[in-house]
Amino acid sequence: MLPKEDAARAILARNDRGGYTVPTDRLYPFQWNWDSAFVAMGFAVFDVDRAYRELERLIEGQWDDGMIPHIVFHAPSDTYFPGPDVWGTRHRVPTSGITQPAVFGMALRHVHEAALAAGTAGATERTKVLFKAALRSHRWWLNARDPEGLGLVSILHPWESGSDNSPAWDEALARVPTTTTTAIRRKDTGHVDASMRPRDEDYQRFIHLVDTYRDCGWDPTRQWEAAPFKIADVQMTAILARATADLMRLAETLGTDEEKDELSRMHERLRAGLADRWRPDLSRFVNLDLISRRDIETPTQAGFIPLVALTLDDAQRTAIVAEVERWLSGMFVGVPSTPSFSPTFEPKRYWRGPVWAVINWLICDGLRLNGSEALARRIEQTVVQAIESAGFCEYFDPTTGEGLGGDTFSWTAAAYMVLGR
Ligand code: DGY
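Reading the values: the criteria
- Residues numbered from 1 in each chain as written.
- Predicted model: local features only at pLDDT ≥ 70, side-chain atom pairs only at ≥ 80, totals over all residues.
- UniProt positions renumbered as here; feature names shortened; annotations may be inferred.
- Axes fitted to C-alpha atoms, helices over the stretch in contact; angles between N-to-C directions.
- Helix = DSSP H or I, 4+ residues; strand = E, 2+ residues; numbered from the N terminus.
- Parallel < 35°, antiparallel > 145°, perpendicular 65-115°, else oblique.
- Left-handed = near helix turned anticlockwise from the far one by under 90°.
- Contact = placed C-beta atoms within 7 Å.
- Nonpolar A, V, L, I, M, F, W, Y, C, P; charged D, E, K, R; others polar.
- Pairing = 2+ DSSP bridges.
- Core = buried A, V, L, I, M, F, W, Y, C linked by C-beta atoms within 7 Å.
- Buried ≥ 20, exposed ≤ 12 C-beta atoms within 10 Å, placed from the backbone.

Going by an unreviewed UniProt entry, the chain carries the name Neutral trehalase and comes from Microvirga mediterraneensis. Check the Sequence similarities (unreviewed entry) section of the UniProt entry for the chain; it says "Belongs to the glycosyl hydrolase 63 family."

Structure, rendered in structure tokens:
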């Protein structure tokens, strides 16, 4: 047991709303897609049955076209905006109309392997159902979000990236009008200091995008055509590619020959697309803005996430490790979501500098896959120590280790249990 393991488990128990876990009370009072995938891996440390439940409840929100929405509104709450009435998706279980990083497939393999290790009864049958759901969602990703066949999937809303106000979106988001038909009634700044959250102007643009896509009837083709914000995102693509590799692993015992072939083709397509985004002069991978057709060179953590899906050559590996070290230099805890040498760095504002435990989870996993065990362990330890001294906060100031945003955060508790081991 880790020093704060009881506290971590208690947070998951407290945020449990009946088989699904809210990210934190009040600020995020529903089930969020990628939060739940990380949380399922946390549950797998001590309760495999509950880990499966987390994924099964998320799938209750899956759309007929395969998309897994970013929020499933299982039960009403008035502490969050925008709620189901704003999204207007008319799904049988109310949901939002956009998605989030495809960590689901990674979580499924993780939970399945934990179940096999624990000898959990009925695990294979449960995994099979979830495997089919994951495969349908990966098909959706490639059809709906890579219609040009780039081998890169795109986000149509910053919320899809999970890195809502990342400086990577600044230029592209500035093209999105601030006008909205929906009246904006922010609730987040009633729970968390406004200086740690996106600005009002960001929210106007976020809601403009929601209005635009709702007017498209949430039809993927119409949205793709209407989107004023469209970014082929390396973080999203890398997670999808890695999740595809994890599904390939599951398919070895659970899949049909057709499914195995289909997954291999997806995997090749995504890895080729990602490999093309490496920029040797920047020592990282970069996004592509599909409206301006230009690279987005702004430094953010996303540039390192392809490590989870690619095997780098020696020159790339040396360069990326040196770059990660540069970002860590002078930091109390890393890896920052924006490096301190960037003019856009704000150490307390959400995705513009703070350290996120789940991002470290991905970066360390990628470093390890690429042979950098010692660096991975060092980064994991700084975040575990930050959690032990500051608590299970949403994110941390990289310059001081101060805990920020919402407290008693589910995915921070899950990350603690997994990274601390
Ligand atoms: C929010 O409301 O802040 C969320 O990040 C959107 O998913």
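A. Highlighting the packing of helix H3 (residues 48-59) against helix H6 (residues 123-145). Relative orientation of the contacting elements H3 and H6 amounts to 40 degrees, with a least axis distance of 11 Å. Classified by the angle between their axes, H3 and H6 sit oblique to one another. In this structure, the crossing between H3 and H6 has a hand that is left-handed. Contacts between H3 and H6 involve Tyr52, Leu55, Glu56 and Ile59 from the former and Arg126, Leu130 and Ala133 from the latter.

B. How the structure looks around the packing of helix H2 (residues 33-43) against H3. Relative to each other, H2 and H3 sit at 165 degrees, their axes nearing to 7 Å. As the angle between them shows, H2 and H3 are arranged roughly antiparallel. In the crossing of H2 with H3, the sense of the turn from one axis to the other is left-handed. Of H3, the residues touching H2 (which contributes Asn33, Ser36, Val39, Ala40 and Phe43) are Arg50, Ala51, Glu54, Leu55 and Leu58. A breakdown of the residues in the contact of H2 with H3 according to their chemical character gives 6 nonpolar, 2 polar and 2 charged.

C. Representation of the sheet that holds strand S7 (residues 287-289) in the model. Reading across from one edge, S3-S4-S7-S8 is the order of the 4 strands in this open sheet, with antiparallel pairing throughout. One side of each edge strand has no neighbouring strand; the edge strands of this open sheet are strand S3 (154-155) and strand S8 (294-296). With 2 bridges connecting them, strand S4 (residues 231-232) and S7 associate as antiparallel partners. Note that in S7 the partner of Ala232 across the bridge is Leu288.

D. Region of interest: the nonpolar core. In terms of nonpolar packing, the biggest core is built from 135 residues, with Phe38, Ala40, Val103, Phe104, Ala107 and Val111 touching the most fellow members. Considering every element that reaches this core, the biggest residue donor is helix H12 (residues 234-254), with 11 residues. With sequence-adjacent residues up to four places away left out, Val103 is seen in contact with Trp34, Ala37, Phe38, Ile239 and Ala243.

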